[in-house]
Amino acid sequence: MDLFDYMRETNMKKESPLASRLRPQTLDEVVGQEHIIGKDKLLYRAIKADKLSSVIFYGPPGTGKTTLAKVIANTTSAEFTQINATVAGKKDMEEVVEKAKETAGAYGKKTILFIDEIHRFNKGQQDYLLPFVEDGTVVLIGATTENPYFEVNGALISRSAVFELKPLSAENVKELINRALYDKERGMGVYNAYMDEDAVDFLAELSNGDARSALNAVELAVLTTDKDPDGRIHLTTDIMAECIQKRNLRYDKDGDNHYDTISAFIKSMRGSDPDAAVYYLARMLYAGEDIKFIARRIMICAAEDVSNADPMAIVVATNAALAVERIGMPESQIILSQAASYVACAPKSNSAVEAIFAANRAVQEYGNLPIPPYLQDAHYKGAAKLGHGLDYKYAHDFPKHYADQQYLPDKLAGTIFYQPSENGYENNIREYFKWIGKEGYGEPLKKDEK
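Quick caveat, the model's predicted, so the values are computed rather than measured.

A. Representation of the pairing of strand S3 (residues 111–116). Across the 6 residues that make up S3, a large majority, 6, are buried. Here S3 shows a buried face lined by Thr111, Leu113 and Ile115 and a second buried face lined by Ile112, Phe114 and Asp116. In this sheet, S3 lies alongside strand S2 (residues 79–84) in parallel orientation, the contact comprising 6 bridges. Looking at the pairing, threonine 81 lines up with leucine 113 of S3. Remark: the S2/helix H6 (residues 90–107)/S3 crossover connection has right-handed handedness. With 5 bridges connecting them, S3 and strand S4 (residues 139–144) associate as parallel partners. When the sheet's bridge partners are listed, isoleucine 115 is paired in S4 with glycine 142. Tracing the backbone out of S3, into helix H7 (residues 123–134) and back to the parallel element S4 gives a crossover that is right-handed.

Have a look at this one:
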């Protein structure tokens, strides 16, 4: 490194964002993630002993994935190389692999390759790494905000240990806030700033486990707040609210949080909890989820989980879906709230689901069984000669407008696919079947059928 490179690197360290300057240099400086880097944990021991094998760090932004990679870089005797999958390509990896081979041959040293946002690599790029990870040419450290079991090549996963990083606790974030405020070497200590305790609590809670978000707010607050007459910078809750602006929700519309939140939303409607349903609805809307996607999920829940226990549920859900397409936000949040709360409060039944699944199994097992001749179309030329439509009993010609005849194929005669529950309107269906004398539907359900 020449003088100019040294000066440039020194200046970059001084001028880099607070979150970058404050990155831990050693394992003992790392805050949080005790479940994987506690002193009795495998990862801690492997890093300390410089015996790390390929790993993938998975977790939300700001939880320390890159930080752990940097700590490993500072503690290992191996060559450490970093690339970012958003800008790197196969050529970059080829250069790393070639250099790793040279380093191993000339000096007997391993090469650790840290790939940030590894999920951005396509399948071909990930496949290229496989043989070199397998033969030990490189030790891979991958970092991703996405579930690696969905986004990373299964062969790479099988050759790596996956460590999930959790959002930092409020206490963890408060520790980092105080470190940032008073550290004079890497933090903001030279500015003589201090923060009210309630402001620290507020910021730690509002950062939602994202250390980077909290540190960025601290830096912005210190640099934009005037000094008091005594020469100190006083940071209040109001100032911190302006600097962080709003809660930093961890929600990626293509990732885990998307699926986790919509799952919780649907399960809350199914579980008859309107409060939880509108809460998860609000989270999705706050994060910018597609309102048409939300409306579709409400329609599905209305059919799957409410069904004929309240036939109006699908009507409300479908009309809500049509309405949000015509109206848009912000008014659509009211429409979606009405639909979600209606479905959540409606009596539940999955009888229609069980019916179609059972019918599907029958079709798969028996194929297209012959339709009884009297149910077949009698209107085309020659149908009568074939006996199609003959002896059909027209329901409205009989008492109670019900004709007792076999509608299923002979092989399935007497089979019951749709068994209405005793909930909501479906109980009326059961009573109707009992009234017309249709067997198998009017009796109370057995305990294991409810």
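B. How the structure looks around the side chain of lysine 348. The residue lysine 348 is located in the loop between helix H18 (332–345) and helix H19 (351–366) in this model. The side chain of lysine 348 sits in the buried core without any salt bridge; aspartate 305 is the nearest counter-charge, 8.1 Å away. Within the structure, the side chain of lysine 348 is placed 2.8 Å from the backbone oxygen of alanine 344, a separation counted as a polar contact. Setting aside its immediate chain neighbours within four residues, lysine 348 contacts Met269, Arg270, Ser272, Asp305, Val306, Ala309, Val343, Ser421 and Asn423.

C. Region of the structure containing the packing of aromatic side chains. Following the criterion strictly, the structure yields 6 aromatic pairs and no others. Centroid distance phenylalanine 57 to phenylalanine 163: 6.3 Å. Interplanar angle 50 degrees. Geometry classified as tilted. Separated by 106 residues along the polypeptide, phenylalanine 57 in strand S1 (residues 55–58) and phenylalanine 163 in strand S5 (residues 161–164) bring together distant segments of the chain. On the accessibility criterion, phenylalanine 57 (0% relative accessible area) is buried. Its relative accessible area of 14% is what places phenylalanine 163 among the buried residues. Summarising the aromatic geometry, the rings of tyrosine 432 and tryptophan 435 are spaced 6.3 Å apart at their centres and angled 40 degrees between planes, so their arrangement reads as tilted. Taken together, the positions of tyrosine 432 and tryptophan 435, both in helix H20 (residues 424–436) and 3 residues apart, correspond to about one turn of that helix. Members of the aromatic cluster, each reached through a chain of ring pairs, are Tyr432, Phe433 and Trp435.

D. Quick look at the sheet that holds S2. In spatial order, the strands read S2-S3-S4-S1-S5; together these 5 strands make up an open sheet with parallel pairing. Each edge of the sheet is formed by a strand with only one pairing partner; in this case those strands are S2 and S5. For this sheet, the mean angle separating the axes of adjacent strands, direction not counted, is 15 degrees. Contacts from helix H5 (residues 65–75) reach S1, S2, S3 and S4, with the element oriented near 145 degrees to S1.

E. Structural view of H7. Over its 12 residues, H7 runs 17 Å from end to end, which matches the ideal 16 Å to within 8%, given 1.5 Å per residue. Looking at the buried residues of H7, the elements they touch are H6, S3, S4, helix H8 (148–151) and helix H9 (154–158). The backbone nitrogen of glycine 124 lies 3.1 Å from a side-chain oxygen of the residue at the head of H7, namely asparagine 122. Positive phi appears at glycine 136, one or two residues downstream of H7, with a value of about 85 degrees.

F. Quick peek at the packing of helix H17 (residues 312–327) against H18. Packing of H17 against H18 leaves a shortest axis separation of 9 Å and a crossing angle of 170 degrees. The pairing of H17 with H18 is recorded here as roughly antiparallel in orientation. Taking contact as the criterion, the partners of Met312, Ala313, Val316, Ala317, Ala320, Ala323, Val324 and Ile327 in H17 are, on H18, Ser332, Ile335, Leu336, Ala339 and Tyr342. Of the residues in the contact of H17 with H18, the class split is 12 nonpolar, 1 polar and no charged.

What counts and how
- Residues numbered from 1 in each chain as written.
- Predicted model: local features only at pLDDT ≥ 70, side-chain atom pairs only at ≥ 80, totals over all residues.
- Heavy atoms only, no water.
- Buried < 20%, exposed > 50% of the residue type's maximum accessible area, 1.4 Å probe, protein only.
- Helix = DSSP H or I, 4+ residues; strand = E, 2+ residues; numbered from the N terminus.
- Pairing = 2+ DSSP bridges.
- Right-handed = clockwise from strand over helix to strand, strands pointing away.
- Lys, Arg positive; Asp, Glu negative; His and termini not counted.
- Salt bridge = Lys/Arg side-chain N within 4 Å of Asp/Glu carboxyl O.
- Polar contact = N/O pair within 3.5 Å; in protein donor to acceptor, adjacent residues only side chain to side chain.
- Contact = heavy atoms within 4.5 Å.
- Phe/Tyr/Trp six-rings, centres within 6.5 Å; stacked < 30°, edge-to-face > 60°.
- Axes fitted to C-alpha atoms, helices over the stretch in contact; angles between N-to-C directions.
- Expected span 1.5 Å × (residues − 1).
- Parallel < 35°, antiparallel > 145°, perpendicular 65-115°, else oblique.
- Nonpolar A, V, L, I, M, F, W, Y, C, P; charged D, E, K, R; others polar.

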